[in-house]
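Spelled out, the chains give:
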Amino acid sequence: MHFFTKSVKILLLQSLMVSVAATQLHAQQADSLTRTKIGLATKAKIVINGTVKEGATGKPLAGISISVGGYSAALTDDKGQFKINVTNYDAVITVSGPGYQRKVVALKGKSSVNISLFEEGYVSQYDLTTLPYSVVPKNQVPFAVTSINTQGTWNRALETPDSYLQGRVAGLDVVRRSGTPDIGADMLLRGYNSLYATTQPLIVVDGIIYDNNNYAKSIIAGHVTNHFADIDLKDIDNITVIKDGNSTYGTRGGNGVILITTGRAKDVATRLDFAAYGGINASVKSLPVMGADNYRIYLADVLKTIPGVTDAQIQAQPYFNDNPNPNYYTYHQNTDWQKQVMGSSASQNYYMKVTGGDNIATYALSVGYLGNHGLTNNTNLTRYESRFNATLNLSRKLTSRVNLAFAKSEQNLRDQGQAYNTNPLYLSLIKAPFMFPYQISGTGIQSPNIAKADTFGVSNPIAAANKIQELNRNYRFVGSVAFDYQFNKEFALKTIGGLTYDKVRENGFYPSNGIAPITYSSFVANDVSFANVQRLFSLYTDTRLQYNHEFNKSNQVAANVGFRYNRSDSESDYGYGFNTASDDFVSLGGANNATRIVGGSLGKWNWLNTYANVDYNAMNKYFLSFNLAVDGSSRFGPEISGALGINGAKYAVLPSVAASWLVSSEIFMADNHLIELLKLRASYGLVGNDDIGNYNSKSLYTSQNFLSRQGLVPSGIGNPGVQWEGVAKLNVGLDAGFMNGRLNVSVDVYNDKVSKMLIYQYANTGTGFNYAITNSGGMRNNGIELDITGRVINKAAFKWDMGLNLSANRNKVTTLPDGNSFISSYGGATFITQVGQAANLFYGYKTNGIYISNAEASASGLTNKLASGYTAAFQGGDVRFVDTNGDKVIDEKDRQVIGDPNPDLIGAYSNRITYKRWSLDAMFAFSLGNDIYNSTRANLESLSDVRNQTLAVVNRWRVDGQVTDVPRASYGDPGANSRFSDRWIENGSYLRLRTLSLSYNVPLKGNFLRSATVYATGNNLFTVTKYLGYDPEFSALGSAFSRGVDIGLEPMVTSMQLGVRIGL
Amino acid sequence: MMINLKIRCAVLLLAACATLSACKNAWQNHDVITNEALNITLADQINKTPELSTFNTYLVKTGYDKILASTKSYTVWAPTNTAMQAIDPTILTDTAKLRKFVANHISYQQYFTTTPNPSLVIRTLSGKNIIFTSSTFEDANIVTGNVYVMNGVLHTINQAAGTRPNAYEFMVSNFASGKQNAFIQSLFHSEIDTSKGVKLYTDPVTKKNVYQAGTTFPVTKNYYFQRVSDISSEDSLVTYIILNDAAFDAEKAKIGKYYNVSTSATISDSLTKFNILKDLVVNHVYSADNLPDSMITTSGIKIHLDKSAIIQTQKLSNGVAFVVNSIGYKLFSNKIPDILIQGEFPDSLRTPSSPTIKIKKDPLNVRFTDIQSASITSSPDPLYFYRYKVTANSAQYKVYYRALNDIYTTPFNQKVDFGTARRYPFAAETPLTTLGYQPVLVGNYAEVYLGTYTAANYGTLYTFLVSALGVTATTPSALSLDYIKLVPIN
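Within any chain, residue numbers begin from 1 and follow the written order of that chain's sequence. Here chains are named by letter from A upward and ligands by number from 1 upward, in the order in which they appear as written. Per-residue local features of the predicted model are confined to residues with pLDDT of at least 70, and side-chain atom pairs are confined, for both listing and counting, to 80 or more; whole-chain, interface and lining totals are unaffected and use all residues. Side-chain figures throughout are based on the complete set of non-hydrogen atoms in the structure, without hydrogens or water.

(A) Molecular detail of the domain arrangement of chain B. One can read the domain layout of chain B as domain 1 (42–157), domain 2 (167–327) and domain 3 (339–488). Domain boundaries shown here were taken from an automatic or database domain assignment. Spacing between the C-alpha centres of domain 1 of chain B and domain 3 of chain B amounts to 66 Å.

Printed below as a string of structure tokens:
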């Protein structure tokens, strides 16, 4: 609260300054409009007649408001007819009415117009689009934008804003991170625009930059704290995605900008909406791993391949002893471990929103509660949210807006992904099925105590799911106050100041009971307790002077000049403690002092963005927008060559220009009844990415422990020339509407050139460092986007809207230092990035079946050179790796590109069918042509140890002449048959029924209720894919070098909710 | 319109179902069992093979069909119906024998004909070892090999393989009344097995460990198996020689005098027998046709077996047994071994100060270690000595030693005495048998012959290296020894 009052003081001070500066009080804009109308009325010569009809029935619409911007207004009569004056035939008529879409109609020289309107919420080219400085109809926007007016999204109870965006914006590749509730999604706008800096679009909520980054890794394996989930989707009115190079956000707009507007009171009437949802989350279909029968046979086979092990030793193992013995029941079970650690669960959501006010102040207050459970047993989420938005008309010239939002979420989690000792899902796959989850006596009596880690050193999955404690708590407060002071009709001063306070606190404990001990270099950890705190404090201001000038009715200019300032402080502290006295002591304090590990990081950075903008509108047909940003940042190095320098600091100068031509408003298009709207757009802009590390321009020292003594060592090579990554975005597009808006098409073609891309460049050995951070890379993305929406069936009672968006992006690296390629690895996958190809291609061995006999293997004449440096001969049952370079040795040089994790085509197909009071929404999302490295299957078909495997290994090679594609079982995999090869690369294409939602608007009698709607929603109802994993959709890191690597995160589940919304 | 909607919903549902089943197909294509055989067990496979019907009958009879249907890995060498006709009918009527017979054709784990390189010794479920090559199973040929199914592999063979006895079983069943067997039977005794024992404490008086009651248990052991070779074990392969009674008696007459114990004729007799039998096991399988000139027994004695001496040869599950009517070996320095006493390992000593043990090189650059006590300036009573404890046969030995005088510039004297008691006698007591004082010459690296000594009894012999009598401070003496060697001559 301290921070809040502080910021309020600052903001008040600013507003005070604004007030003092205003020497004269003028009438508000609404009044000035009236005066204008009177002033110009005498000039009006042209009278336009028109009819407004309902699009579906052709029924005339009465009471529809007709206006000509800033000039005149009228209402339709009972026959839907109206008369309105305009100054010239370039004028546009804005048509709007309650319950109907807003439409902007160009006269094209005609004096009578027939207008048909669809109902409110129909997606059209006239939707209001939020731009950084204004809200304009989409047909007047020169940029490539997608604007989503969410209509409340009352049928999407469990969705977070990022996951909601999936399939809604052509060009925005939204990949949900995993099936964990609220974990959100990684969003890629037109591909990766950076390799090592952030790839996520900038999010601006109600004018304040919403910091969605995490400044430290979660200590809960596979988890990501998703701050975006702190905004309740139902609070959002509009989401606008700016895809091309509007450079106003300068070095933070390199990955595109998402502008979010949260709900405000639309009028002064008090409205209360209450919604309650309850639902179930289904479990997922188990992966087909072996049961106890096949597993025991496999186990016997694989143990036999340990050199020096005799049959007698194998048969002496307790699990092969089928005679009555005290351990018989311990080792003679058949447990479906996957069913033991995951299952179906429930969700609930309550939400209430009150809006209202009077002519001085309006408010919107919302509170929400979400309770949801994860797929893994004992994982859950509780989220509380509240938001208060108010608009205050402080004086006739001064208005103010206040936004306050507070969210708290508390989430019980379990390890996912590469935590092979503690990840319950992974453990449930590899755990020997003949084991039992609980201790069991010699006579088969089951104990409530869970079984300890087994004879193979594998933890008990039940312990990982039930006994591990991992809790993530996240608090976020975002508050802002904005003041707008309208000096006169032309000049206004607008300022907004806000602060973000965010805290993530994580605690965890791995017990010794049931979890295998971890061996560190100097001790064995039987149990581990850990904690982590992340804090972010960010202050943001944006102040600008706005100028609107109308040269005449056909030439208008709007200009802005201002600056944004952002100061952020982040802190992260973590601690790990080991070997507490017992599993009941779970905190760090109880851990052994000698082995405790603590660490953390601090970050502090400032960003100053000075901007100027001119928008020019000629004859409502030609639109031109010029933007310029001059960015300074504490992150930039002091010695950037070729950059603007002021007082020794370097600045990024980033201009952009965008133009559009509304062809359909030309008079020659007046008789074309097919094409209602046609707009051509082109834009070119320079933007940047400032996520280059807070301190990379400086040579720093870091503390290091050597032989129990602390010392300082250089942490890296400071690069005084380190600078923002530059992105030059060229976009050419077309928006078209056909048949009175029944069909809308948008096409965009773009070419984004990334230069000065941050690269970890190999450093000279003499420096003592492996690499240095330099701006020495470059790549480009180009692609095409298509967005089609339309109304297929348009009847009074039955309407069917269909939408399809497609986007294809192609990435190509253009510049790299040092040999023009580098190799990176993640989660067992190897990637190559080389000039001329996409940045992150899977790089491994190609295979061609297996050798069916020893003779065939030796006839191949190939030698198998292993990573250890040893060579081995191939034998029957080994994988036949392709000798790419023909040197008869299978080694690293034979690796080649074996897959591309980037999709060829992504998109969504959506339907909305309304029948009377029913409406059905169905959205299919799909991704085509992307490859996945299935590391789960690589583990489950490695045939190299005692881990349980998939049923496919029953087909393993056993004897000469056996034709199969599964290699032999061999302990330790001496021939490296399971190395990273195309055996594990799978087609990750999928088609998913992402959402299916049915709602019914209950007819009401009486005045007690304003509205009542019942919803039934299903998410992820089915997925068509050839992918052999739980789920083809996942994103482990959001980096190019983790894309397509399935490290075994919680899969998405099918969930269904029933909900009711009541309006009072 | 409503109908339209219904149709559309139905289409949607159908599409959903179709795609859901499509999801399954991805895995089904992947983990489908490509070979039908991998769905059935060995029991099923044998059951459905007509030419193995007889063997299958016995599998069912003995219950091994259930084992072959279980989820472990097995290899079965199944004799064909024709082969089964040739087996001894007594096996089929005796349940225990039948079980053993059937089990002898089954092993754990999978063995394909490609596995032996060139041959493999495999333990079957009967507990016996069999020999498997790429084309044979014991004496049988493999008719059809490598039929793999879910839980193992099946080979069809053209000849059944009855269980072979091991060396001990062979001796017991065929030479039960033989003297060799009789003696080995006499070596059975009972011991307390403490390997699973929970130790409570060590008794301060007896110095023995005391275990929690019930955690130790008596087991029957045989000294021969413990000390010579466990010829009943299937774990190692041996050549076992069985002496017929005549040969046994001949041997006894030949070496009996070297195991004389004056106190007890019974002990002498047992000792003799044991020493005859300890040199009859060779850790290698030789064929009678291809015997080497000499074989080294597990006791380290070199023996010679003449082919003409072999009366009977028997293949065993753990090797081969030869029944012989004579056995050849060199008696002295082999059966009756040389005794080499290394100076640096005294059993006890009496010296004025600590002796010095040094590693030295002789003029031929061969390294040796000797023990020396210099500056002996007096001759106490009893004299200074190094004592060595050895076991000697009741035989006459030639005695040699090597003692280097690199201490003084003039020779000094020392002597070698033999006794059966640990204590070196005082001057007033009966002196020990002595080989007399000998001067140790300066810089002499050569072995020195000291004389002969005849040990009256088999058993412990204390050998003393004793310092000179009557030394003074002006003419000090010393003790120096590399080794003493006793070579039997009679």
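Moving on, there is more to tell.
(B) The environment of A:N214, seen in detail. Residue and element names in this part refer to chain A. Labels follow the DSSP assignment, with helices taken as runs of H or I lasting at least four residues and strands as runs of E lasting at least two, numbered in each case from the N terminus. Looking at the element boundaries, N214 is found in the loop between strand 14 (208–209) and strand 15 (236–242). Three labels apply to residues, based on accessible area from a 1.4 Å probe with only protein chains included: buried if under 20% of the type maximum, exposed if over 50%, partly exposed otherwise in between. Of the residues examined, N214 reaches a relative accessible area of 28% and is grouped as partly exposed. Here the alpha-carbon distance between N214 and I242, two residues 28 residues apart in the chain, equals 23 Å. In the analysis that follows, any N or O atom pair within 3.5 Å is treated as a polar contact, provided that within protein one partner can donate a hydrogen and the other can accept it, and provided that, for residues neighboring in sequence, both atoms belong to side chains. Engagement of the side chain of N214 in a polar contact is seen with the backbone oxygen of T225, the distance being 2.7 Å. Within the structure, N214 has its side chain in polar contact with the side chain of H227 (distance 2.9 Å).

(C) Structural detail: the interface of chain B and chain A. Two residues form a contact once any of their heavy atoms are found within 4.5 Å. Between chain B and chain A, the residue contacts involve 34 residues of the former and 40 residues of the latter. Here the quantity called buried area is the total loss of accessible area, with a 1.4 Å probe, experienced by two parts when brought into contact, counted for both. Summed over both partners, the interface of chain B with chain A comes to about 3500 Å²; 66% of that surface belongs to carbon and sulfur atoms. Together, B:W27, B:K72 and B:Q109 form the three largest contributors to the area buried by chain B at its contact with chain A, with a combined 19%. Here, a salt bridge means any side-chain nitrogen of Lys or Arg that lies within 4 Å of a carboxyl oxygen of Asp or Glu. Along the contact surface separating chain B from chain A lie 1 salt bridge.

(D) Looking closely at the packing of aromatic side chains. Note on aromatic pairs: the rings of Phe, Tyr and Trp (six-membered ring only in Trp) are paired at centre separations within 6.5 Å, and the planes decide the class, stacked below 30 degrees, edge-to-face beyond 60, tilted for the rest. The full count for this structure, using the stated rule, is 60 aromatic pairs over all chains. A centroid spacing of 6.4 Å and a plane angle of 70° characterise the contact between A:Y331 and A:F434, whose relative ring orientation is edge-to-face. Taken as a pair, A:Y331 in the loop between helix 5 (311–315) and helix 6 (337–341) and A:F434 in the loop between helix 7 (424–430) and strand 22 (438–440) lie far apart in primary sequence, 103 residues in all. When its relative accessible area of 1% is taken as the criterion, A:F434 is described as buried. Ring centres of B:Y408 and B:F412 lie 6.0 Å apart, and the angle between their planes is 90°; this geometry places the pair in the edge-to-face category. Looking at B:Y408, the relative accessible area reads 18%, which means it is buried. A relative accessible area of 3% places B:F412 in the buried class. A connected cluster of aromatic rings, assembled from ring pairs, spans A:Y196, A:Y760, A:Y771, A:F822, A:F831, A:F842, A:Y933, A:F980 and A:F1041.

(E) Geometry of helix 3 (residues 53–62) of chain B. Residue and element names in this part refer to chain B. All buried positions along helix 3 are accounted for by F55, N56, Y58, L59 and T62. Each buried residue of helix 3 lies within a common arc of 160° when the element is viewed along its axis, so the set occupies one face. Downstream of helix 3 by a residue or two, G63 has a phi angle that is positive, lying close to 85°. Directions drawn from the helix axis to the C-beta atoms are what define this arc.

(F) Summary view of unusual backbone geometry. A cis amide bond, omega 0°, links B:N117 with the succeeding residue B:P118. Tracing the backbone through its elements, the reader meets B:P118 in the loop between strand 2 (106–108) and strand 3 (119–123). Here the bond from B:D381 into B:P382 is cis, since omega is -5°, no more than 30 degrees from zero. The residue B:P382 is located in the loop between strand 22 (367–376) and strand 23 (385–392) in this model. Of note in the backbone geometry, A:N647 takes a positive phi value of approximately 55° without being a glycine. Residue position: A:N647 is located in the loop between strand 32 (644–646) and strand 33 (649–662).

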